[in-house]
Structures are given as structure tokens and as C-alpha cells.
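# Coordinate analysis (summary)
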Amino acid sequence: MINIGLESLWADVVDRLKNELSTPSFETWVRSVVPKSLDDNVLTLEVPTEFTRELIAARYTDLMRDLVHNTFGQALDIRIMVAPPKPETVMPKESRSKVSARESQPSEYASRLNPKYTFEAFVVGSSNRFAHAASLAVAEMPARAYNPLFLYGGVGLGKTHLMHAIGHVVLKQDAALRVLYVSAENFTNELINAIQDNKMVPFRNRYRTIDVLLIDDIQFVGGKERTQEEFFHTFEALHGAHKQIVISSDRPPKDIQYLEERLRSRFEWGLITDIQPPDLETRMAILSKKAQLENLSVPDEVIQFIASKIDTNIRELEGALIRVMAYGSITRQTLTPDLAYEALKDVIHETRKKVITIRLIQEEVARHFDLRVEEFKAKKRTKAVAHPRQIAMYIARELTDASLPKIGEEFGGRDHTTVMHACEKVLRDRTQDPQLNQTIQTLIKRIESH
Ligand SMILES: Nc1ncnc2c1ncn2[C@@H]1O[C@H](COP(=O)(O)OP(=O)(O)OP(=O)(O)O)[C@@H](O)[C@H]1O
């Protein structure tokens with residue numbers, strides 16, 4: 001028998017798990033576990049969802065057993081149970097009575113969700129596994145798993161798809177819940193209309209009585225003060241009432257320009273998770289799934305060919321499949337990799353031809369820091385310009401074949417030693433500053449996928 005209390009034993013296991021697991025895995029899975037009892041060498045744990053139970057059982061129980069064994073020299077059995085729903089997830093009586101009044105409305109909410117964007121249709125690979133798991137947890141336990149959930153990643157990588165999938169699962173569990181999907185742009189437009197038409201009260205009522213708010217492309221609110229102000233109060237009202245908020249963006253909160261600090265910090269309250277471009281296997285799986293969902297029969301070699309040629313954006317990947325299918329059907333030819341090549345010649349050619357120029361880098365970096373390219377070429381040395389300029393020089397050195405003098409020339413005729421120092425400095429800072437490192441990675445990805 002292990003001679004130690006439940007709490008101390010679990011604290012010890014948690015400590016060790018922290019060292020063994022990556023931070024996201026630890027935060028997502030271990031943090032939600034509650035130790036319940038320790039009897040007869042059986043440690044019973046409670047987790048919030050069936051999904052978490054399965055995942056922990058499959059991935060972490062062996063590790064936990066080993067950790068206990070190593071520390072206390074005793075074998076222990078681990079049982080994992082799903083916690084019964086907490087009272088606050090049961091709808092309060094008062095709102096139950098409102099359900100019938102609301103029942104006429106869910107269709108309006110549901111209708112904003114694309115029926116094709118479900119979890120079943122979403123292919124999971126290493127690039128999106130974490131975002132998928134977090135979305136599923138949120139969908140199963142709105143406002144109890146992570147709040148807000150912040151999903152970010154490049155264009156066309158499945159953020160919207162995951163948000164809609166969350167909406168579908170929530171509504172499947174309780175059709176009376178108000179699930180609202182809205183892009184930040186539409187939120188802004190609706191706000192402008194409400195201000196103009198003197199309809200702020202209905203606007204606020206609408207947004208502050210939602211159960212699950214899915215807001216897409218939040219980076220759009222950067223620099224829009226009135227929208228941020230209104231969204232801040234919406235966020236506070238919903239979060240304070242234990243309602244779920246899911247936010248998507250093309251970049252992490254810290255990289256959104258001109259975002260109020262109070263919003264940025266709130267976006268970081270819950271869980272932030274990224275979606276990366278999928279690897280070849282995942283791209284092939286996505287194409288196969290798409291073909292299967294659309295009842296198309298596509299030979300494996302064709303799927304492989306398309307997946308190997310289009311490698312950054314899933315929307316383009318799907319577009320390529322449709323293009324190949326259409327080409328095959330119009331020309332009445334069998335689908336082969338050669339035919340796929342013919343159909344995609346222009347697209348593939350474009351990607352091959354694509355050259356990264358210093359100008360492109362300057363544009364992207366300038367856009368990110370809200371500067372003008374000309375400012376990179378000017379003499380100005382203020383930090384607000386000098387730092388982004390150094391980053392742009394560094395990226396130019398990394399992504400192009402241009403020599404140091406050539407880069408100097410493109411940055412307003414600067415000396416090659418200036419460029420060299422800039423590159424060395426950014427490289428050094430990058431290894432010490434994770435935020436800067438992330439910014440550079442985001443910029444490089446954006447430039448490469450241009
Ligand atoms: N893992 C996946 N499995 C299956 N389909 C996917 C996956 N990821 C993305 N897709 C599909 O790719 C297309 C683009 O995805 P989506 O619109 O969700 O991207 P996004 O990240 O929101 O892009 P944007 O930044 O342009 O808003 C959709 O048709 C979606 O169904």
C-alpha cells in the first residue's frame with residue numbers, strides 16, 4: 001500500500017508529468033484531471049469529457065503508472081472516470097422557460113453554419129491535431145474546457161471549418177442553445193449599422209445573450225477602436241456569464257497590430273492553439289476524404305500527385321481536385337497523374353515560377369508592422385522603423401540569394417556591414433525571444449505562401 005495521501009501523490013505525479021510532456025499537452029490534458037480517491041492501490045481520476053478520458057487512457061496512463069512506480073516503488077492501477085455534469089451546465093429554470101420562446105430562433109443560428117464543416121469531415125494530422133482536440137473538448141463542454149479558445153493559422157487551413165464543427169456539436173447536444181458564427185468583419189458592419197440606425201440596444205441584446213460565440217478572423221478588428229470597445233464588453237458579458245467564446249485569427253494575439261491590451265490579455269486567458277500547413281500524408285488524406293464525401297472515384301496516384309504539388313493551402317488543394325475532375329470529365333479522359341498535370345499546369349507552373357523578392361519581403365514586413373516600404377529605405381533610425389527594418393533584412397538574407405551589398409542597396413543604399421549586423425542581431429535576439437521568433441516564423445510562412 002502506498003503510504004501517502006491522495007493529494008500529495010497526485011501533486012508529485014503532476015510535477016513529473018510536467019517535465020515529461022510538452023506544455024500544450026500538459027495544459028490540455030493533465031490540467032483538467034481531478035484526483036478522486038486512492039484505495040487498495042487504485043488511483044481514481046476524474047476528467048471532464050469522454051474524449052479526454054479516452055485520450056488520457058490511451059496516451060498517459062502507462063506513463064503515470066511508471067512515474068508512480070519509480071517514485072514510490074509500488075505498482076498502482078489507474079481508473080479514469082468522466083465527471084458528472086456540473087450544475088451550471090444544466091440550464092437554469094428561468095432559461096428553460098425561455099426555451100420555447102427561443103425555439104423559433106435556433107434555426108437562424110444554425111443556418112449560419114455550413115453543414116459540410118463537421119468534425120467527421122475534418123481530417124486530423126500532426127499539423128492540426130491539437131487544434132482539433134481542443135475544439136472537440138470545447139464543443140463537448142462549452143465554457144468548461146477552455147474559454148476563450150483561440151485558434152490561429154494561415155489562410156485556408158481549417159479554422160472556419162473547426163469553428164462550424166464546434167457549433168454543430170453544441171447544437172446537436174442542445175438545439176435550444178444560441179450558437180452564433182460571425183466574422184469579425186460582419187460584427188463590425190453590424191455594429192456600424194446599429195450605431196447609424198440607433199439600434200444599439202437590440203445589437204447588444206443579440207450579442208450578449210449568446211451561448212456560444214464563434215468569431216472568425218479577429219485580426220480584422222486591429223486598429224478599429226469602436227469595434228474593439230464593443231467587442232470587449234460583449235466578451236466580458238459572455239465570459240462573465242460562463243458562455244463559450246471561440247476566436248480565430250491568422251496570427252496569435254500578440255501579433256495582432258493595434259489591439260487593445262485588455263482584449264489581447266483576454267484572448268490569452270484560455271487556450272491558444274495553432275494550425276500549421278498539413279504534411280503530404282495529411283494532404284492526401286484530405287483529398288481522399290473530399291473525394292469520398294463527394295462520391296468521386298479518384299485513383300491513388302492522382303491524389304498523390306495533386307497533394308505533392310499543392311502544399312500550403314487546403315482550399316487550393318480542394319480546388320485542384322475539382323479542377324482535375326472537371327478536366328477529366330470535359331475531355332472524357334481517364335484520371336491519371338499526366339492528366340492531372342495537364343489540368344493543373346498553370347497552377348503548378350505559377351508555384352514553380354514564384355520567386356521571393358526583397359520587395360515582397362519588405363511589403364509583408366511593412367504590412368505586419370503597419371509601416372510603408374519607403375520607411376525602410378529612408379534614413380530614419382527610430383526604433384519603430386529600425387527594428388522592423390532589421391527583421392526585413394534578416395528575412396531577405398534567409399529567403400533570397402541576394403548578397404549583403406544587394407540587400408543594403410534595396411534598403412535605401414545602406415552599407416553591407418549594416419545589413420550584416422542587422423542579420424546577426426536578429427538571429428541572436430530570435431534565439432532568446434520566443435515572441436520575436438514566432439513573429440519571424442509567421443512572416444516567413446506568409447511570404448513563402450504568397
Ligand atoms: N483538416 C481538414 N480536413 C478536411 N478539410 C479541411 C481541413 N482543413 C481545411 N479543410 C477544408 O479547407 C477549406 C478551407 O478551410 P477554412 O475555410 O476552414 O480555412 P480558414 O483557416 O478558415 O481560412 P481563412 O483564413 O481563409 O478564413 C474548407 O473547405 C475546409 O473544409
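Structural notes, computed from the coordinates. In this text, all values refer to a predicted model and were calculated from it rather than measured experimentally.

Here we come to the site of the ligand. Every one of the 18 residues lining the ligand counts as a neighbour, but Val 123, Gly 156, Thr 160, His 161 and Glu 318 are closest to it. Here Gly 156 contributes a backbone N or O atom positioned 2.8 Å from an oxygen atom of the ligand. Within the side chain of His 161, an N or O atom sits 2.7 Å from an oxygen atom of the ligand. Burial of the ligand by the protein chains amounts to 90% of its free accessible area of 640 Å². Those elements that place two or more of their residues in the shell around the ligand are helix H8 (159-173) and helix H15 (314-330). Class assignment for the residues of the shell around the ligand results in 8 nonpolar, 6 polar and 4 charged. Residues from two domains meet in the shell around the ligand; each of domain 2 (119-274) and domain 3 (280-344) gives at least three.

Bringing the environment of Arg 53 into the picture now. With respect to the helices, strands and loops of the structure, Arg 53 is situated in helix H3 (residues 50-59). Along the primary structure Arg 53 and Val 33 are separated by 20 residues, whereas in three dimensions their C-alpha atoms are 9.3 Å apart. The residues contacting Arg 53, other than those within four sequence positions of it, are Val 47, Ile 80, Met 81 and Val 82.

The next subject is H3. Within H3, burial applies to Phe 51, Thr 52, Leu 55 and Ile 56. With its buried residues spanning 120 degrees around the axis, H3 presents them on a single face.

Taken as a whole and assessed by the stated rule, the structure comprises 23 salt bridges. With its nearest N and O atoms 2.8 Å apart, the salt bridge here joins Glu 410 to Lys 406. Here the residue Glu 410 and the residue Lys 406 both occupy positions in helix H20 (residues 404-410), the gap between them amounting to 4 residues, near one helical turn. Residue classification places Lys 406 among the partly exposed residues on the basis of a relative accessible area of 33%. It is possible to trace a salt-bridge network through shared partners that takes in Lys 116, Lys 290, Glu 294 and Glu 318.

What counts and how
- Residues numbered from 1 in each chain as written.
- Predicted model: local features only at pLDDT ≥ 70, side-chain atom pairs only at ≥ 80, totals over all residues.
- Heavy atoms only, no water.
- Near = heavy atom within 4 Å.
- Polar contact = N/O pair within 3.5 Å; in protein donor to acceptor, adjacent residues only side chain to side chain.
- Areas by Shrake-Rupley, 256 points an atom, 1.4 Å probe, with all protein chains shown as cover.
- Helix = DSSP H or I, 4+ residues; strand = E, 2+ residues; numbered from the N terminus.
- Nonpolar A, V, L, I, M, F, W, Y, C, P; charged D, E, K, R; others polar.
- Domains from an automatic or database assignment.
- Contact = heavy atoms within 4.5 Å.
- Buried < 20%, exposed > 50% of the residue type's maximum accessible area, 1.4 Å probe, protein only.
- Arc of directions from axis to C-beta.
- Salt bridge = Lys/Arg side-chain N within 4 Å of Asp/Glu carboxyl O.

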